[in-house]
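Here is what each chain is made of, one letter per residue.
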Amino acid sequence: MSLWRIAWRSVQQRALASSLTAFSMALGVMLLVAVLSIHGVIERSFQNNASLGYNMIMGAKGGKLQLTLNTVYYLSQPIENLPYEFYLEFLAADRRDAEFKTSLYSPAASREGKYAPFVELAIPLCLGDYFGPFRVIGTTPEMFDRLQFGPSGTQKYEFAAGRNFLLQSPEHGFFEAVVGATAARQMKVKLGDRIATTHGDPEGVGHGQKFTVVGILAPSGTPQDRAVFVSIEGFFLMEGHAKPLPKPEAATGDTAQAPPQAAADPVADPDPPPQDRGLASVAGESMLPAGPLPLEQREVTSILVRTSSPIVGMYLENEINEGPTAQAVLPVREIYLLFDMFVRPAQMLLVLMSVLICIVSGVSILVSIYNSMSERRHEIAVMRALGAERQTVMSVILFESIILGAGGGAAGWVLGHGLNALIGPLIESRTGVTIGFFDFAPGVDISWLWASSGSGFEVSTELLLVPALLVLTVVVGLLPAMTAYRTDVAASLGK
């Protein structure tokens, strides 16, 4: 009979004590595996969110981290708004002309935006509304037509159903919406539904005008899954979203105050002036302006900017931050600062606690086997009398410790990933991060083990648990194994 089989029979004879000992090890490994794998998924999510297709955020002056949380993750609250004219400075001449035309203005002289030569893409964001617990973002179709995400920045947003929204469509006018995968699932939204938003708070006052859902995003593992995106033109037209115009001063003599002009360089189109636009209504919904909002009443929360090169980005950051209007934030820097300051320390604390639990479980294996030695002295003496050497008896005890540790570790691995699958929907609903049974901990480069100058050979930290558990079980099994090694055969047989 092999030594492993003898050790397994010994474990079976003490089934209850062995099961409880292995279970304690399983709990420690379960917690460690869950912490490592969840941390790996969150870290990959941070990396994905750091490569969402833009490398700079423009926002009102204030906290950089708050602007990043609000713009990238749709958390926190907006700082202040930016003038719409500031956004126009990132557009080429033809795009600026299109903006003026949309708002029934004619530029005095067609020109390129001040910062247009330095950027490849500029997308405005307007925040302030909610659809249930999910943020509503007014933006342009470029959000899904041109932005790409992922570690390499090459993944495109896909639609599980429908299409991207239009700024103005023949069928729905200015009021089209695209709903993220998580938001659509939790709010039970489908194509063709008409959704109403609330102003300023999930429990705030609802707007009368509704948006028609024309697209539902496929899951991407980004914050876009937990948001609703609407045409920025429709967002501007919602009640409470227009910047109030200054009140005209009282007329003096026969000359009245002229209507306010746009803050940039457009000249108001006299037919019709923005102040005299009529109101249009949809059956059962609030009265809304019949046309786009005039430029002087528009504001944006932030602007996503992709510069033409990193060097240009450094120049643009300094240029914007030295000005009085806005601040430029590098989201990658803020994201990794957030990760290093808050996420990584918490993860290390949880890993340390899990390791301590595993060590305590190893000690319980030691105590369990050591306490059984007094009952097994006669058994060990019989084995020695039948010709077993001291090293053989010692090996059987060590094999018992390995069986308990390895069995508990295997059960803990299954329980850990089962826990991930169980709480995965809750994590996704709250953070937008998806995690399942087969999501493993991140890899560790171990090419240094053979003094290779190359790198890139990675192994999951979960696989490193295997040698770590073996070492732990051998160490904790040494004391009872030495006790068996020193057993006095004559004295034990005489009892």
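Anyway, here's the lowdown on the structure attached to this text.

Conventions used here
Residues numbered from 1 in each chain as written. Predicted model: local features only at pLDDT ≥ 70, side-chain atom pairs only at ≥ 80, totals over all residues. Heavy atoms only, no water. Buried < 20%, exposed > 50% of the residue type's maximum accessible area, 1.4 Å probe, protein only. Helix = DSSP H or I, 4+ residues; strand = E, 2+ residues; numbered from the N terminus. Pairing = 2+ DSSP bridges. Patch = residues over 30% accessible without salt bridge, like charges linked within 9 Å, V, L, I, M, F, W, Y side chains within 5 Å. Areas by Shrake-Rupley, 256 points an atom, 1.4 Å probe, with all protein chains shown as cover. Salt bridge = Lys/Arg side-chain N within 4 Å of Asp/Glu carboxyl O. Polar contact = N/O pair within 3.5 Å; in protein donor to acceptor, adjacent residues only side chain to side chain. Contact = heavy atoms within 4.5 Å. Axes fitted to C-alpha atoms, helices over the stretch in contact; angles between N-to-C directions. Parallel < 35°, antiparallel > 145°, perpendicular 65-115°, else oblique. Nonpolar A, V, L, I, M, F, W, Y, C, P; charged D, E, K, R; others polar. Core = buried A, V, L, I, M, F, W, Y, C linked by side-chain atoms within 4.5 Å.

Topic: the pairing of strand β1 (residues 56-59)
On a regular strand, each side chain points to the face opposite its neighbour's, so the side chains alternate between the two faces of the sheet. A two-sided burial pattern is seen for β1, the buried positions comprising Met-56 and Met-58 on one face and Ile-57 and Gly-59 on the other. Both β1 and strand β17 (residues 302-307) contribute to a ladder of 4 bridges, which runs antiparallel. Each residue of the ladder has a partner; that of Ile-57, found in β17, is Leu-304. Relative to strand β18 (residues 327-329), β1 runs antiparallel, the two being bridged by 3 bridges. Bridged to Gly-59 within β18 is Gln-327.

A short note on a nonpolar patch on the surface
Where nonpolar side chains cluster on the molecular surface, the patch consists of Leu-352, Val-355, Leu-356, Ile-359, Val-363 and Val-367 and spans about 470 Å² of accessible area. Within the secondary structure, Ile-359 is located in helix α10 (residues 331-385). A residue is classified by how much of its surface remains accessible, and Ile-359, at 40% relative accessible area, is partly exposed.

Things to note about the environment of Met-238
Mapped onto the elements, Met-238 comes out in the loop between α8 (232-237) and β13 (266-268). With 41 residues separating them along the chain, Met-238 and Thr-197 place their C-alpha atoms 9.6 Å apart.

Concerning the side chain of Thr-307
Relative to the helices and strands, Thr-307 is located in strand β17. Note on Thr-307: relative accessible area 6%, which makes it buried. A polar contact is formed between the side chain of Thr-307 and the side chain of Asn-55, at a distance of 2.8 Å. Not counting chain neighbours up to four residues away, the residues in contact with Thr-307 comprise Asn-55, Met-56, Phe-118, Val-119, Glu-120, Val-312, Gly-313 and Leu-316.

Notes on the packing of helix α3 (residues 64-72) against α10
Angle between the axes and distance between the axes: these two values describe a pair of packed helices. Two elements in contact, α3 and α10, have axes whose closest approach is 10 Å; the angle formed by their N-to-C orientations is 100°. Our classification of the angle between α3 and α10 gives roughly perpendicular. Each of Lys-64, Leu-65, Thr-68, Leu-69 and Val-72 in α3 lies in contact with α10, whose residues at this interface are Pro-331, Glu-334, Ile-335 and Leu-338. Tallied by class, residues from the contact of α3 with α10 come to 6 nonpolar, 1 polar and 2 charged.

A closer look at the nonpolar core
Among the nonpolar cores identified, the biggest contains 45 residues, and Met-58, Phe-86, Phe-90, Ile-195, Ile-303, Leu-316 and Ile-320 are the most heavily contacted of them. Ignoring any residue separated from it by four or fewer positions in sequence, one finds Ile-195 in contact with Phe-131, Ala-177, Val-179, Val-189, Lys-210, Phe-211, Val-213 and Val-228. With 32 residues, the next largest nonpolar core counts Met-373, Phe-399, Leu-469 and Ala-481 among its residues.

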